[in-house]
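# Structural description and commentary
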Amino acid sequence: GELSDRLYDLLRRADVWRVASGGRFDPAVGGMVAAWGFDDLTRPQTGGVPDQAAIDRMIAATTTGYTFGGSRDLQSFDPAVRLDIGAIVKGALLAEAIAAVADNAVERLVVDLGGDVAVQSTAADDAFRVAVANPSGGPPSALLTMRSGEFVMTSGGYARYREIDGERYQHIIDPRSGWPVPPAAATVIGDDPVHADAAATALVVGGPKEFSAVCAAMGVDKALLID
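This text gives an overview of the structure that appears in the document. (Residues numbered from 1 in each chain as written. Predicted model: local features only at pLDDT ≥ 70, side-chain atom pairs only at ≥ 80, totals over all residues. Heavy atoms only, no water.)

Of regular secondary structure, the chain possesses six helices and 11 strands. For the chain, the C-alpha radius of gyration of 18 Å lies close to 17 Å, the compact-globule estimate for 227 residues. Expressed as lengths along the three principal axes of its C-alpha atoms, the size of the chain is roughly 55 × 50 × 35 Å. Each of the 227 residues in the chain was classed as buried or not, and the buried ones make up 44%. When contacts within the chain are restricted to residue pairs at least 6 apart in sequence, those whose partners lie at least 24 apart make up 61%. Taken as a whole, the chain presents about 11500 Å² of accessible surface, with 52% of it coming from carbon and sulfur. Side chains of the chain give 19 positive and 30 negative charges; the mean places of these two sets differ by 2 Å. (Helix = DSSP H or I, 4+ residues; strand = E, 2+ residues; numbered from the N terminus. Rg over C-alpha atoms; globule rule 2.2 N^0.38 Å. Buried < 20%, exposed > 50% of the residue type's maximum accessible area, 1.4 Å probe, protein only. Contact = heavy atoms within 4.5 Å. Areas by Shrake-Rupley, 256 points an atom, 1.4 Å probe, with all protein chains shown as cover. Lys, Arg positive; Asp, Glu negative; His and termini not counted. Charge placed at Lys NZ, Arg CZ, Asp CG, Glu CD.)

This is the structure:
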């Protein structure tokens, strides 16, 4: 169907990062998110771990994916394909928030969307210090220095999860396997918040062993991963 310009452009950008991440970040993961019950964490939990046949079906749906047509069309011939832009929507909103005040002579600005932060200043040498929360509680894990025009985006599953038969499953799913990844948090600093948001998710999915490879593939040079 035909999408709004805003959504079409966002999905077009997301597709670039889907390819670059080797499928670690994929907007077509929506079916898996729903199968695990992460699409609405306010809903009472029912059922257990999805059976492997259902997981395999969702993996096939991400493989089938979707294509972009003319006139802002998005097409898929697999009814199981379901999009979820939760991994990048806060990045898009931060960019819009900064753009909304760009012409209003604001001297110094910090926008915080639940730990995803944008900073802006009229002073070229101005610096902002941003703390990265420790997933286990206690003192911050890191203290970052940001410059005007930069965004810090964090992806982590330690705060959003489901417990099934005494086992905790966090909400970030590896599109390649259909299973939630081990608890971790990734923080990325960059001048493109959508890119940084997608990269943070890909880093969590890749984990410590793939950290350097994902940074290189996604073009990230400022990143932190807490496992």
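The geometry of helix α5 (residues 193-206) relative to helix α6 (residues 211-218) is characterised by a closest axis approach of 10 Å and an angle of 155 degrees between their N-to-C directions. The orientation of α5 with respect to α6, classified from their angle, is roughly antiparallel. Handedness of the α5/α6 crossing: right-handed. Between α5, through His195, Ala198, Ala199, Ala202 and Leu203, and α6, the contact on the second element is made entirely by Phe211, Val214, Cys215 and Met218. Split into classes, the residues belonging to the contact of α5 with α6 amount to eight nonpolar, one polar and no charged. (Axes fitted to C-alpha atoms, helices over the stretch in contact; angles between N-to-C directions. Parallel < 35°, antiparallel > 145°, perpendicular 65-115°, else oblique. Left-handed = near helix turned anticlockwise from the far one by under 90°. Nonpolar A, V, L, I, M, F, W, Y, C, P; charged D, E, K, R; others polar.)

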